[in-house]
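# Summary of structural features
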Amino acid sequence: MLTLSLEDFMIELKDGSLKNVGPTNKSATAKLFDVSSAEAREFGDKRVKLVFQDDDGNELQAALFPEDARAIADDLEALEAESPVFEE
């Protein structure tokens, strides 16, 4: 399930083109639940791309610098050691 929350978002659709309307203070939050596949791969020369997909074909991608990817790996390692989430 993919949820998308858009804040202060307005666009104009004219002749098949999208155009920003109003100020540039827009923001969005995307959440993907019930992930069925996840992978990490190279993205260009300097980044790691994390790709998550659900059974409905919804996909979320995030490109991270290596230090951010390492921080997530450290967080997962700590969770595995300390949290009941990883208990079988």
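For clarity, every value in this text was computed on a predicted model and none was experimentally measured.

A separate point is the layout of surface pockets. Reported here for the largest pocket is a volume of approximately 160 Å³. Around the largest pocket, the lining residues are Val-48, Leu-50, Leu-64, Ala-69, Ile-72, Ala-73 and Leu-76. Contributing elements (two or more residues each) for the lining of the largest pocket: strand S6 (47–54) and helix H1 (66–82). Tallied by class, the residues present in the lining of the largest pocket amount to seven nonpolar, no polar and no charged.

Turning our eyes to something else, we now look at the packing of aromatic side chains. The description of an aromatic ring pair uses the distance of the two centres, along with the angle that the planes make with each other. For the coordinates displayed, the defined rule picks out zero aromatic pairs. The ring of Phe-65 is capped by Arg-47, whose NZ or CZ atom sits 4.1 Å from the centre of that ring.

In spatial order, the strands read S5-S6-S7; together these three strands make up an open sheet with antiparallel pairing. Edge positions in the sheet fall to strand S5 (35–43) and strand S7 (59–64), since each of these pairs with one other strand and no more. The mean inter-strand angle of the sheet, taken between neighbouring strand axes irrespective of direction, is 15 degrees. Inspection of the sheet shows S5 paired to S6 by eight bridges, in the antiparallel sense. Bridged to Glu-39 within S6 is Val-51.

Moving on to the pattern of salt bridges. Enumeration over the complete set of coordinates arrives at one salt bridge. One salt bridge in this structure joins Arg-41 and Glu-39, with 2.9 Å as the shortest N-O distance. What makes Arg-41 partly exposed here is its relative accessible area of 35%. Residue Glu-39 is classed as partly exposed on the basis of its relative accessible area, which comes to 40%.

Procedures and definitions
Residues numbered from 1 in each chain as written. Predicted model: local features only at pLDDT ≥ 70, side-chain atom pairs only at ≥ 80, totals over all residues. Heavy atoms only, no water. 1 Å grid on protein atoms, 1.4 Å probe; cavity = no way out; pocket = protein on both sides within 12 Å on 5 of 7 lines; lining within 4 Å. Points joined across faces, edges and corners; volume = space filled by probe spheres on them. Helix = DSSP H or I, 4+ residues; strand = E, 2+ residues; numbered from the N terminus. Nonpolar A, V, L, I, M, F, W, Y, C, P; charged D, E, K, R; others polar. Phe/Tyr/Trp six-rings, centres within 6.5 Å; stacked < 30°, edge-to-face > 60°. Lys NZ or Arg CZ within 6 Å of the ring centre and 35° of its normal. Pairing = 2+ DSSP bridges. Axes fitted to C-alpha atoms, helices over the stretch in contact; angles between N-to-C directions. Salt bridge = Lys/Arg side-chain N within 4 Å of Asp/Glu carboxyl O. Buried < 20%, exposed > 50% of the residue type's maximum accessible area, 1.4 Å probe, protein only.

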